[in-house]
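A look at the structure
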Amino acid sequence: MDFNALLQQAQKLTHETQVSDDLPRVERTLPQVLQATQELHSRVTQTGAQDMQAHILLGSNGIDLPKISQKLETLSSRKTFEPLDPIATTDVQNFLRNEKENAILAVIEEVHKNSNLAAEAQKWDNMMNDWKLEKVKLMNALIGPSQNWIDIRKVPEQTILSESTFNGRSSLNSQEMAYAAEVHDYNKLVCEGAMRPSLVQRFAQVAETFNDSRINDIWEVMKYMTNVTPIPKTQDPMKVRCSQLLFIDQAKRYLENRYKLFMQTVVSDNLREARRGGVPSVLNLVGSFVGVKLNSPQGVNSSFMGLQDGHIDGKPLWPMVYYCLRCGDSASALKCLELAGQGHEDLIAVLREKCHNPAQKLNPRLELQIRMQYKRQIRNATDPYKRAVYCIVGCCDIQEPHADIAKTSDDFLWIQLSLIRTEGDDTSEHLTCSGLQSMILEQYGEKHYNANEQPHLYFQLLALTGQYEAGVEFLSRFDKYRVHAVHIGLALNELHMIGGPRNLQEPLLSVDFDDPQPMRRLNLARLVMLYVKKFEVTDPSEAMHYFYFLRNLKDSEGRNLFLVSVADLAIECRDFDLLFGRIQRDGIRTRGLIDQFESAQIDARTVCEMVAEKFVKKGMLEDAIKMFDLASQHEQTLRYMSILLSQVVHHDNKEGSLRDRVQRMANEFGGRYTGAEKNCDSQTWSTFTLLKELATFFDYYHGKNYQSAMEILERIKLVPLRMADLDATVHNFKRLSGEVCKVIPDLLLATMDIAFTKYKAMKGKDVSKFDDHGKKDHLSYLREQAKALTNMAAMVPYRMPGDTNSRLIQTEILMH
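Along each chain, the written sequence defines residue order, and numbers are assigned to residues from 1. Residue-level local features of this predicted model are given only where pLDDT is at least 70; pairs of side-chain atoms are given and counted only at 80 or more, and the full residue set underlies all totals for whole chains, interfaces and linings. Just so you know, side-chain values use all the structure's heavy atoms and leave hydrogens and water out.

1. Quick notes on the overall build of the chain
Applied cut-off: Under the DSSP-based scheme used, a helix requires at least four consecutive residues in state H or I and a strand at least two consecutive residues in state E, with every element numbered from the N terminus. Working rule for contacts: check all heavy atoms of both residues, and any pair within 4.5 Å makes them a contact. Per-residue and other accessible areas were derived by the Shrake-Rupley procedure at a 1.4 Å probe size, with only the shown protein chains allowed to occlude residues.
Within the chain, the secondary structure is distributed over 39 helices and four strands. Across the chain, the fraction of contacts at a sequence separation of at least 24, relative to all contacts at a separation of at least 6, is 62%. Accessible surface computed for the chain: about 45200 Å², of which carbon and sulfur atoms make up 51%.

2. A word on the pattern of salt bridges
Worth spelling out the cut-off: Any Lys or Arg side-chain nitrogen found within 4 Å of a carboxyl oxygen on Asp or Glu counts as a salt bridge. Residue exposure (1.4 Å probe, protein chains only): buried if accessible area is under 20% of the type maximum, exposed if over 50%, otherwise partly exposed.
Enumeration over the complete set of coordinates arrives at 38 salt bridges. Linking Glu 338 and Arg 352 is a salt bridge whose minimum nitrogen-to-oxygen distance equals 2.9 Å. With Glu 338 in helix α17 (residues 330-340) and Arg 352 in helix α18 (residues 345-356), the pair connects residues that are 14 residues apart, well separated along the chain. On the basis of relative accessible area, Glu 338 is assigned to the partly exposed category, the value being 41%. The class of Arg 352 is partly exposed, set by a relative accessible area of 36%. Where Glu 473 meets Arg 477, a salt bridge forms, and the shortest distance between an N and an O atom there is 3.1 Å. The class for Arg 477 is partly exposed, based on a relative accessible area of 23%.

3. A word on the environment of Tyr 640
As for its placement among the helices and strands, Tyr 640 is situated in helix α32 (residues 634-648). Residues Tyr 640 and Glu 739, spaced 99 residues apart in sequence, show a C-alpha to C-alpha distance of 9.9 Å. Contacts of Tyr 640, omitting those with residues within four sequence positions, involve Val 616, Leu 621, Ile 625 and Phe 628.

4. Describing a nonpolar patch on the surface
Applied cut-off: In this scheme, patches are assembled from residues that exceed 30% relative accessible area and form no salt bridge. Like charges are connected within 9 Å, while nonpolar side chains (Val, Leu, Ile, Met, Phe, Trp, Tyr) are connected within 5 Å.
Side chains of Val 92, Phe 95 and Leu 96 sit close together on the surface and give an oily, nonpolar patch of about 280 Å² of accessible area. Checked against the element boundaries, Leu 96 lands in helix α6 (residues 92-142). Note on Leu 96: relative accessible area 53%, which makes it exposed.

5. Observations regarding the nonpolar core
Across soluble globular proteins, nonpolar side chains show a tendency to be buried alongside one another. What counts here: Nine residue types can take part in a nonpolar core, namely buried Ala, Val, Leu, Ile, Met, Phe, Trp, Tyr and Cys, and a core is a set of them joined through side-chain atoms within 4.5 Å.
In terms of nonpolar packing, the biggest core is built from 219 residues, with Trp 219, Tyr 322, Tyr 546 and Phe 580 touching the most fellow members. Once you skip the residues sitting within four places of it in the chain, Tyr 322 turns out to touch Tyr 385, Ala 388, Val 389, Ile 392, Ile 405, Trp 414 and Ile 415.

6. Let's talk about helix α39 (residues 804-814)
Three or four residues apart is the spacing at which side chains of an α-helix point the same way, because the helix has 3.6 residues per turn. Heads up, the rule is: Relevant arc is that of directions from the helix axis to the C-beta atoms, nothing else.
Within α39, the full set of buried residues consists of Thr 804, Leu 808, Thr 811 and Glu 812. The buried side chains of α39 occupy one side of the element, clustering within an arc of 100° when seen end-on. Those residues of α39 that are exposed and angled more than 90 degrees off the buried face are Gln 810, Ile 813 and Leu 814.

7. Observations concerning the packing of aromatic side chains
So the rule is basically this: Pairing of aromatic side chains here covers Phe, Tyr and the six-membered ring of Trp, requires ring centres within 6.5 Å, and sorts the geometry by plane angle: under 30 degrees stacked, over 60 edge-to-face, intermediate tilted.
Summed over the entire model, instances satisfying the criterion amount to 36 aromatic pairs. A ring pair is formed by Phe 669 and Tyr 673, whose centres lie 5.8 Å apart and whose planes are at 10°; its orientation type is stacked. On the criterion of helical spacing, the pair formed by Phe 669 and Tyr 673 is a turn pair, its members being four residues apart in helix α33 (residues 658-673). Ring geometry for Phe 733 against Tyr 798: centres 6.0 Å apart, planes inclined by 70°, an arrangement best described as edge-to-face. Of this pair, Phe 733 sits in helix α36 (residues 726-733) while Tyr 798 sits in the loop between α38 (772-795) and α39, and the two are 65 residues apart along the sequence.

8. Here's the deal with the state of the cysteines
Defined as follows: The disulfide criterion is simple: two cysteine sulfur atoms within 2.5 Å.
Going through the model one piece at a time under the given rule, you end up with zero disulfides. Of the cysteine sulfurs around Cys 336, a residue in no disulfide, the closest is that of Cys 324, at 4.2 Å.

9. Let's talk about the packing of helix α25 (residues 479-494) against helix α26 (residues 524-532)
Cut-off, in case you're wondering: For every element, the axis is a line fit to its C-alpha atoms; helices are fit only across the contacting stretch, and the angle between N-to-C directions ranges from 0 to 180 degrees. Here the word oblique covers every angle except those under 35 degrees (roughly parallel), over 145 (roughly antiparallel) and from 65 to 115 (roughly perpendicular). Note: crossing handedness is left-handed where the near helix turns anticlockwise from the far helix by less than a right angle, and right-handed where it turns clockwise. Put simply, Ala, Val, Leu, Ile, Met, Phe, Trp, Tyr, Cys and Pro go in the nonpolar bin, Asp, Glu, Lys and Arg in the charged bin, and everything else, Gly too, in the polar bin.
Across the interface, α25 lies against α26 with an axial gap of 10 Å and an inter-helix angle of 140°. As judged from the angle between their axes, α25 and α26 are oblique. Crossing handedness for the pair α25 and α26: left-handed. For the pair formed by α25 and α26, the contact residues are Val 483, Ala 485, Val 486, His 487, Gly 489, Leu 490 and Asn 493 on the first element and Leu 524, Leu 527, Val 528 and Tyr 531 on the second. For the contact of α25 with α26, the per-class residue count stands at eight nonpolar, three polar and no charged.

10. Focus on the packing of helix α9 (residues 199-208) against α25
The contact between α9 and α25 brings their axes to 9 Å, and the two run at 155°. With respect to α25, the axis of α9 lies roughly antiparallel. On α25, the residues touching Leu 199, Val 200 and Phe 203 of α9 are His 487, Leu 490, Ala 491 and Glu 494. Per-class residue counts for the contact of α9 with α25 are five nonpolar, one polar and one charged.

11. Side note on α18
Inclusion rule: How far a helix is expected to stretch is found by multiplying one less than its residue total by 1.5 Å.
Between its first and last C-alpha, α18 extends 16 Å over 12 residues, near the 16 Å set by a 1.5 Å rise per residue. For α18, every residue scored as buried is listed here: Leu 347, Ile 348, Val 350 and Leu 351. Take α18 and look down its axis: the buried residues cluster within an arc of 165°, on one side only.

12. Brief notes about unusual backbone geometry
Peptide bonds are trans in most cases, and residues, glycine excluded, mostly fall at negative phi. The step from Gln 517 to Pro 518 runs through a cis peptide bond, and the omega angle for that step is 0°. You will see that Asp 397, though not glycine, has its phi angle at about 50°, which is positive. By the secondary structure assignment, Asp 397 is in the loop between α20 (384-394) and α21 (409-419). Positive phi is not limited to glycine here, since Arg 574 has a value of about 60°.

13. What about the environment of Val 719?
Among the secondary structure elements, Val 719 is positioned in the loop between α35 (706-716) and α36. The buried category is assigned to Val 719, whose relative accessible area is 3%. On a C-alpha basis, the gap between Val 719 and Gln 785 in space is 9.8 Å, while along the polypeptide they are 66 residues apart. The residues contacting Val 719, other than those within four sequence positions of it, are Leu 713, Thr 729, Leu 747, Leu 748, Thr 751, Leu 789 and Met 792.

14. Focus on the side chain of Arg 521
This is how it is decided: Any pair of nitrogen or oxygen atoms within 3.5 Å is treated as a polar contact; in protein, a donor-acceptor pairing is required on top of that, and neighbouring residues in sequence qualify only through side-chain atoms on both sides.
Within the secondary structure, Arg 521 sits in strand β4 (residues 521-522). Of the polar contacts made by the side chain of Arg 521, one reaches the backbone oxygen of Gly 500; its length is 2.9 Å. Here the side chain of Arg 521 touches Asp 515 through a polar contact of 2.7 Å, side chain to side chain. For Arg 521, the contacting residues outside a window of four places in its chain are Asp 236, Met 238, Glu 469, Gly 499, Gly 500, Pro 501, Leu 508, Leu 509, Ser 510, Asp 512 and Asp 515.

15. Considering the confidence of the model for the chain
Let me state the cut-off plainly: Scored from 0 to 100, pLDDT records how confident the predictor is in each individual residue.
Residues with a pLDDT of 70 or more make up 84% of the chain, whose mean pLDDT is 83. Within the model, the stretch residues 77-81 combines pLDDT values under 50 with three contacts to residues more than four positions away or in other chains. Predicted confidence for residues 143-167 stays below pLDDT 50, and this span has 39 contacts to residues more than four positions away or in other chains.

16. Observations concerning the environment of Asp 329
Summarising the element assignment, Asp 329 is placed in the loop between α16 (317-326) and α17. Here Asp 329 falls in the buried class, since its relative accessible area comes to 19%. Measuring from C-alpha to C-alpha, the distance between Asp 329 and Val 282 comes to 7.3 Å, with 47 residues separating the pair along the chain. Asp 329 has contacts with Val 282 and Cys 324, leaving out every residue within four places of it along the chain. Of note is the side chain of Asp 329, whose polar atom sits 3.3 Å from the backbone nitrogen of Ala 331.

What follows is the structure in structure tokens.
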């Protein structure tokens, strides 16, 4: 291509560019283009590979990166966000400008700080919510049958006590103390054989002092649900509850009375709209309530749209009928339908039969006619109250949620309870009790009802559907409600209304395959022990009163669970004198806390023996001896005392040492048991007395009172002091117990040391009271004594420990 053709194309391109008004005209000569290209190339090569890519990326979008970099370099964040330097007070203009900028900077800093705090708080809230959901999943995963669960017996471990424990303070808060006082009074009446009051009523009265409406509502529910025919002690409360459905009528009655109070509150707050007058009655109350709802904007726009079949006394028919039923007044609902005139004969017949015979089952023929009428006409009716009334009276369409009417969980539950029939036929679908329980516990569950935020509401749903065990376990997960959950469980247990597991090693909530779904069983023993764990060390008296509720339960070994729990409590708090009393010098035991529960099944000696056996298994013989003594088990007391004495009798006695304590106990037991009637073997007593004598011998020996020590040896005749005694002592050795035999090596060494000390003293120059003949006889006697000791060590059928024989022989050699 020649330059003329190139020039023509350039002119053509210039002409096309001039036609467009969108782009500015660029006039550069070739040297200028070359210079710009070189400058661009130099900038690109200086910035590096990454900067080059940045230049290309941003440059393609019309951004001059070097110019932006220069502007950014001129900015100083240090100067921008720091308080400005002070200026002279006379410069008013600059002073005001600085104040303004300082104020802006202060606002920016405050917003920044608040944003960080808000973000941190939101982060922790999210983490806590996530963890709560995970805890719910974990608890749900633990609910099920278990064969090898954690043993309910406490594992021995070192307890870390809080500071309040050492100061003698109680670990119970005000609510726990109030409940504990009521438990104490109740157990006192039980122990005295007096008439037992209702624990539910007593605990409800205590809860009223807390001034918490939610707690009061919980106990109000329990008062209604326990007001049923007592369950025989010989029957399983779970099976009786599921077969007789005792709770349904009580649950409906609670919801109906609660709604009646709600209607009275609404009417009282809106007296002008209610226009209440005439004779006070449920029908009058319902009419006033419906009048208030009609006049409210919310009622007109929602529930009262599409009402049918006219009015009675100026009020729509079906809302009047529904709310009469909602208050539990079937007679008022019947009166409304009778005033409405013809067209509702089947419904009137059912309500009339229900009013005349409330406990009798309704006529199946009448219910069937209502269901058929509902399917043909009422199902598609625009009046939600009419549909609800037919469903409730005739048990129609159990899948209908009635969302236009049932705005609260109470309304929903009442409708569902009204649909339950104990017996159904093959041609109709009925809502069963287990179906409703599964709906609340499993289908909807804790997440649907936001149970973590309002646990009292979810507990009421479980309790009103007869799921006491699941309700108590759920409520016990929350620190605020745990104390109430425990006492609800205790009250239900005293009424024989709560189902326990067949094995006490089951988890807190478990499933028994023989129970109908979705029933759970509550391990009350585990619940009580977990609750008492908090204060058993600081408040052992209150802990024992709670353990007393477990007196009718047996552990895996068939022992009374109350006794086992008290034994564990004694090991934990170690205040034996407070719990069991102490033995006085005359042998009579003073009363302890355990004695207030004394009965045919509960004996303080039995508990003391259980504690002692636990101490023996732990190797804590000193404590075991004290407990066996409290249990009047003289055989065990002296036997373990002998075992302990044999281990320390040869040691030097120091104040406060184990030997000192053991010797004091031995002297105390010896003084009390001597001459008194003892339930122990003669061999055990002789072993104990011998070891007590040996303890006195070693006291004299370590105190260098050799004369008194040798007098004891002459009396007990355990070691030969001359060759003539050798055969007798060896023969007697075979009849000694193992505890005494264990001391013989140290006894031989001590006796040999006494003899050698006397030998050295006799050979010394300071001995002048003996003549030469007497001195030789005495030295000969000491040599004979040493020989007898050495021969005994070689002849007895006992393996001497360590270098006992060699030490005896070396000493004997030194004396010849």
